[in-house]
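# Coordinate analysis (summary)
The chain contents come next:
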Amino acid sequence: IASNAPLALVPCCHTRKCLPLGQRRNIRSVLTAQNMTLTDFLDLNRIQRLIQAGYTVVEEQIPPIITPKNRIILAIPSSHIEYSADEDEATAGVEALSATPLL
């Protein structure tokens, strides 16, 4: 995030150790209340941090035969996205992210 560079993230480490100490203590009750797995919770937090830092984020899946943790998070900072004058949507960067075949 600090480098403000486009990134592709294939999260594989989903442990409570990734959380701040305060969240570690009550994570089970949070997951139960939100009907989420720890994996989904941590990846959602990663995505939210990227969005808050000004990234446009696309979530994709790679074939599970490669890895059972097959989520891939693609993010591009707003400074790398070209906007069309006629559209509210980003055209170049985000379309390239979601159109690129993963395999």
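Residues numbered from 1 in each chain as written. Predicted model: local features only at pLDDT ≥ 70, side-chain atom pairs only at ≥ 80, totals over all residues. Heavy atoms only, no water.

### Observations concerning the overall build of the chain
Scanning the chain for helices and strands turns up four helices and three strands. Counted from the first residue to the last, the chain has its helices and strands arranged as β-α-α-α-β-β-α. When each of the 103 residues of the chain is scored for burial, the buried share is 26%. Counting contacts in the chain only where the partners sit at least 6 residues apart, residues at least 24 apart contribute 52% of the total. If you sum the accessible surface of the chain, you get close to 6900 Å²; carbon and sulfur atoms cover 54% of it. (Helix = DSSP H or I, 4+ residues; strand = E, 2+ residues; numbered from the N terminus. Buried < 20%, exposed > 50% of the residue type's maximum accessible area, 1.4 Å probe, protein only. Contact = heavy atoms within 4.5 Å. Areas by Shrake-Rupley, 256 points an atom, 1.4 Å probe, with all protein chains shown as cover.)

### A few points about the sheet that holds strand E3 (residues 71-77)
Within the open sheet, the three strands sit side by side as E1-E3-E2. Their pairing is antiparallel. Looking at which strands have only one partner, the edges of the open sheet turn out to be strand E1 (7-9) and strand E2 (55-61). The average angle at which neighbouring strand axes cross in this sheet is 20°, direction not considered. Across the face of the sheet, helix H3 (residues 38-52) comes into contact with E1, E2 and E3 while running at roughly 10° to E3. (Pairing = 2+ DSSP bridges. Axes fitted to C-alpha atoms, helices over the stretch in contact; angles between N-to-C directions.)

### Observations concerning the confidence of the model for the chain
Per-residue confidence for the chain gives a mean pLDDT of 80; residues scoring 70 or more make up 79%. Model confidence for the chain, summarised as mean pLDDT per element, is weakest for helix H4 (residues 92-99) at 52 and strongest for E2 at 93. Contacts for the low-pLDDT stretch residues 88-92, under 50 throughout, to residues beyond four places or in other chains number nine contacts. (pLDDT = per-residue confidence, 0-100.)

### Side note on the side chain of Asn70
With respect to the element layout, Asn70 can be found in the loop between E2 and E3. A polar contact of 3.4 Å, which involves the side chain of Asn70, links it to the side chain of Gln61. (Polar contact = N/O pair within 3.5 Å; in protein donor to acceptor, adjacent residues only side chain to side chain.)

### Quick word on H3
Here H3 is 15 residues long and its end C-alpha atoms lie 21 Å apart, about the 21 Å a rise of 1.5 Å per residue gives. Every buried residue belonging to H3 is among Phe41, Leu42, Asp43, Ile47 and Leu50, and all of these are buried. Where H3 is buried, its residues meet E1, helix H1 (21-25), helix H2 (27-34), E2 and E3. (Expected span 1.5 Å × (residues − 1).)

### A closer look at the pattern of salt bridges
In the structure shown here, the tally under the stated rule is four salt bridges. A salt bridge links Asp40 to Arg71, with the nearest nitrogen and oxygen atoms 2.8 Å apart. Of this pair, Asp40 sits in helix H3 while Arg71 sits in strand E3, and the two are 31 residues apart along the sequence. By relative accessible area, which is 30% here, Asp40 ends up partly exposed. When its relative accessible area of 17% is taken as the criterion, Arg71 is described as buried. Notably, a salt bridge pairs Arg71 with Asp43, separated by 2.6 Å at the nearest N-O pair. Placement of the pair is Arg71 in strand E3 and Asp43 in helix H3, with a sequence separation of 28 residues. Each member of the pair Arg71 and Asp43 is classed as buried. When salt bridges with common partners are traced through the structure, they connect Asp40, Asp43, Arg46, Glu59 and Arg71 into a single cluster. (Salt bridge = Lys/Arg side-chain N within 4 Å of Asp/Glu carboxyl O.)

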